[in-house]
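What follows is each chain in one-letter form.
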Amino acid sequence: MSESERTIGSPDGIPTTETAPPRVRNTRRSYLATKLAYNIGRLHGLRLRLYLYRRIGMKVGKECVIRRGVYLGSPNELELGDGSFLGRASLYCTGGVRIGKNVNVSDGAVIITAKHDVNSPTFEAKYAPITIEDWAWIATNAIVLAGITIGEGAVVAAGAVVTKDVAPYSVVGGNPAKVIGERKKQPFDYSPGNYRPPFL
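The structure presented is a predicted model; accordingly, all values stated were derived computationally and were not measured.

Oppositely charged side chains can pair when the atoms bearing their charge come close. Tallied over the full model, the rule gives 2 salt bridges. Of the charged contacts in the structure, one is a salt bridge between Arg-67 and Asp-107, with a shortest N-O distance of 3.4 Å. Placement of the pair is Arg-67 in the loop between β4 (65-66) and β5 (71-73) and Asp-107 in the loop between β10 (104-105) and β11 (110-112), with a sequence separation of 40 residues. Judged by relative accessible area, Arg-67 falls into the buried class, the value being 9%. With a closest N to O distance of 3.9 Å, Asp-117 and Lys-126 form a salt bridge.

Here it is, written out as structure tokens:
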């Protein structure tokens, strides 16, 4: 029997074999990395924090900013592209989060790769990756749910709850988030990672 299978008792008492749900990869490593990241996120000094984040398994690009006070769950499952900015947000990365280049994730945003099966008798947890492509902006207090892709240059307005993929260069807002505008497609000439707020 493979590791992904197990024998369980059926309602009529006859043993049956079924496929077990996939285990969260590197569960113990993710738990330890989360504990370390919690403490790292409270240290003064951006360079020190970035160095330590990389040491615990985060993939952090060049010229990035990760502000003090950010919450990173399973940070070893996070990839952060060059020039991107993470404010005092909450990122639950167990299912995998990939953030592209020059992305701005503002204070209070929540990015969460986990959900529960409401019809499961055991309240089964499920995980799905989130992708945020280059030049996107996740504004203050926005929520991005599991399995979502935010397209290149897209904007998620403050307080929006994203339950479906967001097309490139669209602006979405509301709960659930809907298209409320379009962003001009053009060569951008800024990098959120160059921003240096006070008490970084």
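Let us keep going from here.
If you look at the biggest cluster of nonpolar residues, it comprises 40 residues, and the most contacted ones within it are Leu-91, Ile-99 and Ile-150. Every element with two or more residues in this core is listed here: α1 (27-40), α2 (46-55), β4, β6 (78-80), β7 (85-86), β9 (97-99) and β14 (130-132). When residues of this core are assigned to their parent elements, the largest contribution, 3 residues, is made by α2. Aside from chain neighbours lying at most four places away, what touches Ile-150 is Thr-131, Ile-132, Glu-133, Ala-136, Ile-138, Val-144, Val-156, Val-162 and Val-166.

All right, on to the sheet that holds β6 then. On the basis of which strands lie adjacent, the open sheet formed by 5 strands has the order β3-β6-β9-β14-β17 and parallel pairing. Single-partner strands in this sheet number two, and they are β3 (59-60) and β17 (149-150). Sheet topology note: the β9/β14 ladder contains 3 bridges and is parallel. Within β14, the position partnered with Ile-99 by the bridge is Ile-132.

The next point concerns the sheet that holds strand β21 (residues 178-182). In a beta sheet, neighbouring strands pair by backbone hydrogen bonds and run either parallel or antiparallel. Pairing is mixed across the open sheet formed by 7 strands, whose spatial order is β4-β7-β10-β15-β18-β20-β21. The open sheet is flanked by β4 and β21, the only strands paired with a single partner. Direction of pairing for β7 relative to β10: parallel, over a ladder of 2 bridges. Paired with Phe-85 across the strands is Asn-104, a residue of β10.

Quick look at α2 now. Restricting attention to buried positions, one finds in α2 the residues Leu-46, Arg-49, Leu-50 and Tyr-53. Take α2 and look down its axis: the buried residues cluster within an arc of 95°, on one side only. Facing away from the buried side of α2, by more than 90 degrees, are the exposed residues Arg-47 and Arg-55. Packed against the buried residues of α2 are α1, β3, β4 and β5.

This part is about the side chain of Ser-170. As for its position among the elements, Ser-170 is in strand β20 (residues 170-173). Residue Ser-170 is classed as buried on the basis of its relative accessible area of 2%. Ignoring any residue separated from it by four or fewer positions in sequence, one finds Ser-170 in contact with Ala-154, Val-155, Gly-181 and Glu-182.

Moving on, we come to the environment of Trp-135. Residue position: Trp-135 is located in the loop between β14 and β15 (137-138). Considering only alpha carbons, one finds Trp-135 and Ser-84, 51 residues apart in sequence, at a separation of 8.5 Å.

This next bit is on a nonpolar patch on the surface. A contiguous nonpolar surface patch, about 270 Å² in accessible area, is contributed by Leu-43, Leu-48 and Tyr-51. Following the sequence through the fold, Tyr-51 ends up in helix α2.

Of the two faces of β20, the one lined by Ser-170 and Val-172 and the one lined by Val-171 and Gly-173 are each fully buried. Direction of pairing for strand β18 (residues 155-156) relative to β20: parallel, over a ladder of 2 bridges. Bridge pairing links Val-155 to Val-171 in β20. Both β20 and β21 contribute to a ladder of 4 bridges, which runs antiparallel. In the strand pairing of β21, Gly-173 is matched with Lys-178. Linking β20 to β21, which pair antiparallel, is a turn of 4 residues; within it Gly-174 sits at a positive phi near 95°.

The rules behind these values
- Residues numbered from 1 in each chain as written.
- Predicted model: local features only at pLDDT ≥ 70, side-chain atom pairs only at ≥ 80, totals over all residues.
- Heavy atoms only, no water.
- Salt bridge = Lys/Arg side-chain N within 4 Å of Asp/Glu carboxyl O.
- Helix = DSSP H or I, 4+ residues; strand = E, 2+ residues; numbered from the N terminus.
- Buried < 20%, exposed > 50% of the residue type's maximum accessible area, 1.4 Å probe, protein only.
- Core = buried A, V, L, I, M, F, W, Y, C linked by side-chain atoms within 4.5 Å.
- Contact = heavy atoms within 4.5 Å.
- Pairing = 2+ DSSP bridges.
- Arc of directions from axis to C-beta.
- Patch = residues over 30% accessible without salt bridge, like charges linked within 9 Å, V, L, I, M, F, W, Y side chains within 5 Å.
- Areas by Shrake-Rupley, 256 points an atom, 1.4 Å probe, with all protein chains shown as cover.

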